[in-house]
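Summary of structural features
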Amino acid sequence: MTEFWIFTLYPELFDSYLGSGLLGRALEDGKLVVARHNFRDFGLGKHKKVDDTPYGGGAGMVLRPEPILEALEAAEAKAGQRSHRILVTPRAKAYTQADAHRLARMDRPVALVCGRFEGFDERVGSFMDEELSLGDFIMMGGEVAAMAVVESVARLLPQVIGNGESLVCESYESGLLEYGHYTKPLVFRGLEVPPVLAGGDHKKIESWRTADSRQTTRLKRPDLLNPGQGKGPESLEPLEKDHE
Ligand SMILES: C[S@@+](CC[C@H](N)C(=O)[O-])C[C@H]1O[C@@H](n2cnc3c(N)ncnc32)[C@H](O)[C@@H]1O
């Protein structure tokens, strides 16, 4: 059973997303568990403070380590097992489909720790198993990134997506982008569906799709054809753990 724990200051942000579509159904059917933990519950003092000013000065507030670690440890103590702890941060390698497959096979709960403000006290990273980024841009918080991870993993789980075959052909599964799809009408504003696709010869359709997939990858994402030149290593390596 794939289980996610999301550590966030805004657990309500996930309500409608987790309650809708195929993801909502997967949760209802028990194919996936997503628990939300508000680390403000472990904030300091009567105001449940989770952040403070940065040492050395500068703008913005930094998330203190204690509420995050205590929230994680409380969830782990309750579950009786150590989670796979992931820090969601733009200061990491970008998440890929290979990571989604790896997390889908995880045999313990996957904890996604979402930041806010200026981000985390640097020492929080020492207690994590890995860090991941959604891409080279800055959002206000880690919640959208956590949601992207949950959804990309959920659709790899058995029986979450109706047609399992569509998963195999998808972009990134074979290292290439997927071929172009067409539906009706046959001609739209002068643009025609490639005749081979409407012809019914499955061998020809197959080779058109293979060629289109290569051509599209060459045009839009040449870095995929030359891994190592541009976007960095293919999969995330777990960080060396300094602490348990
Ligand atoms: C405003 S950001 C902090 C950015 C940080 N000061 C920096 O420059 O690297 C606040 C939080 O949003 C989340 N976040 C923002 N952009 C992200 C991205 N591209 N990928 C993953 N998380 C992101 C992280 O959890 C981060 O701690």
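All values reported here derive from a predicted model rather than from experimental measurement. (Residues numbered from 1 in each chain as written. Predicted model: local features only at pLDDT ≥ 70, side-chain atom pairs only at ≥ 80, totals over all residues.)

Okay, the overall build of the protein chain next. A count of helices and strands for the protein chain gives nine helices and nine strands. C-alpha extents for the protein chain along the principal axes are approximately 70 × 40 × 35 Å. Taking all 244 residues of the protein chain together, 24% fall into the buried category. Partitioning the intrachain contacts of the protein chain with sequence separation of at least 6 by distance along the chain shows that 77% fall at a separation of at least 24. (Helix = DSSP H or I, 4+ residues; strand = E, 2+ residues; numbered from the N terminus. Buried ≥ 20, exposed ≤ 12 C-beta atoms within 10 Å, placed from the backbone. Contact = placed C-beta atoms within 7 Å.)

Around the ligand sit 20 residues in total, of which Pro90, Gly115, Gly119, Leu134 and Gly142 are the nearest. Class assignment of the residues belonging to the shell around the ligand gives a composition of 10 nonpolar, seven polar and three charged. (Near = placed C-beta within 6 Å. Nonpolar A, V, L, I, M, F, W, Y, C, P; charged D, E, K, R; others polar.)

Attention now goes to the UniProt feature "binding site: S-adenosyl-L-methionine" (unreviewed entry) in the protein chain. Feature annotation in UniProt assigns "binding site: S-adenosyl-L-methionine" (unreviewed entry) to the following positions: Gly115, Leu134, Gly135, Asp136, Phe137, Ile138 and Met139. Its place among the elements puts Phe137 in the loop between β7 (130–132) and α5 (143–154). Position of Met139 among the secondary structure elements: in the loop between β7 and α5. (UniProt positions renumbered as here; feature names shortened; annotations may be inferred.)

Below, the discussion takes up α5. The α-helix advances 3.6 residues per turn, and as a result positions three or four apart in sequence lie on the same side. With 12 residues, α5 should cover 16 Å at 1.5 Å per step; its first-to-last C-alpha distance of 16 Å lies within 8% of that length. Burial in α5 covers these residues: Glu143, Ala145, Ala146, Met147, Val149, Val150, Val153 and Ala154. (Expected span 1.5 Å × (residues − 1).)

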